[in-house]
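So you can see what is in the structure, the chains are spelled out below.
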Amino acid sequence: MSRERATALLVDFDGVLRRWDPAVAAGVEREHGLTEGVLGEIAMSWGMLQPVLTGQVSHAQWMMSVADALTPAVGVDRARAAVAEWQSYRGEVDPEVLAFVREVRAAGIRVGLGTNATDLLDADLAALGLTEELDVIVNSSVIGVHKPAKEYFQAACEALGTPPGRVLFVDDEDRAVAGARVAGLSAHRWSGPADLRYLRAALAY
């Protein structure tokens, strides 16, 4: 039995609509005498990441914790300066994905942003010129649950006003894709703009 055609699109932010240049963090680490990769390693450790993704702490508190973890190695001033410089870079929009989002919306299909993010998300969307480019924003730190939990995807479908079987989800992480499928959504593992041809066909607009 074939699935019903998707009538709504849910896209991930980091790794799909927004991309990051790894050279930025590497440059900050070199400048401040830090071990290569240490900023991301500390920030993305689950014990530090999970609270900020579920709204238990703010983005600012999260980054202060990263600076505190770096302080024994380089001192408080250098640690805070490194984190501030690193955080001043907010990534870049993938122009091909943005063009696709606009195309889909123009065809009358609702598009939501489904992201594990912090309370800085709205400011990031504004800075990147994305505030008016999406119909729905589903931020884990606002709803208190993160991908790949089934409850996250249930909330996303409710926000889109679309049953799970009619939502196509796109993410660059296998766990999120698997979680979406468990929740009843169609889901595609993003590997780059070459995937857009498949997504257009899947939406059939």
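One can find the structure itself at the top, above this paragraph.
Each chain carries its own residue numbering, running from 1 in the direction its sequence is written. Totals for whole chains, interfaces and linings use every residue, but because this is a predicted model, local features are given only for residues with pLDDT of at least 70 and side-chain atom pairs only at 80 or more, for both listing and counting. As a rule here, side-chain values come from all non-hydrogen atoms in the structure, and water together with hydrogens is ignored.

## Let's talk about the pattern of salt bridges
So the rule is basically this: A pairing counts as a salt bridge when a side-chain nitrogen of Lys or Arg comes within 4 Å of a carboxyl oxygen of Asp or Glu. Only DSSP runs of H or I reaching four residues or more are called helices, and only runs of E reaching two or more are called strands; each is numbered from the N terminus. Each residue's exposure class comes from its accessible area (1.4 Å probe, protein chains only) as a fraction of the maximum for that residue type: buried when under 20%, exposed when over 50%, partly exposed otherwise.
In total, this model carries 10 salt bridges according to the counting rule given. Measuring nitrogen to oxygen at the nearest pair gives 2.8 Å for the salt bridge that ties Lys-147 to Asp-12. Highlighted residues: Lys-147 in the loop between helix H8 (140-143) and helix H9 (150-160) and Asp-12 in the loop between strand S1 (8-11) and strand S2 (18-19), separated in sequence by 135 residues. Side by side, Lys-147 and Asp-12 carry an identical accessibility label, which is buried. Across the pair Asp-124 and Arg-90 runs a salt bridge whose closest N-O atoms are separated by 2.9 Å. Placement of Asp-124 in helix H7 (residues 121-127) and of Arg-90 in the loop between helix H5 (76-87) and strand S3 (92-93) is noted, with a sequence separation of 34 residues between them. One salt-bridge network, held together by shared partners, links Asp-14, Arg-18, Arg-90 and Asp-124.

## Re the packing of helix H3 (residues 46-53) against helix H4 (residues 59-74)
To be explicit about the condition: In this description, a line fitted to the C-alpha atoms serves as the axis of each element, helices being fitted only across the stretch in contact, and the angle between N-to-C directions of two axes falls anywhere from 0 to 180 degrees. What sets the label is the angle itself: under 35 degrees gives roughly parallel, over 145 gives roughly antiparallel, 65 to 115 gives roughly perpendicular, and the rest give oblique. Whether two residues touch is decided by their heavy atoms; if any such pair falls within 4.5 Å, the residues are in contact. All residues other than Ala, Val, Leu, Ile, Met, Phe, Trp, Tyr, Cys, Pro, Asp, Glu, Lys and Arg, Gly among them, are scored as polar; the first ten of these are nonpolar and the last four charged.
Running from amino to carboxyl end, H3 crosses H4 at an angle of 170°, the nearest separation of the two axes being 9 Å. In this view, H3 runs roughly antiparallel relative to H4, as classed from their interaxial angle. In this structure, H3 uses Met-48, Leu-49 and Val-52 to contact H4, whose residues at the interface are His-59, Trp-62, Ser-65 and Val-66. Class assignment of the residues belonging to the contact of H3 with H4 gives a composition of five nonpolar, two polar and no charged.

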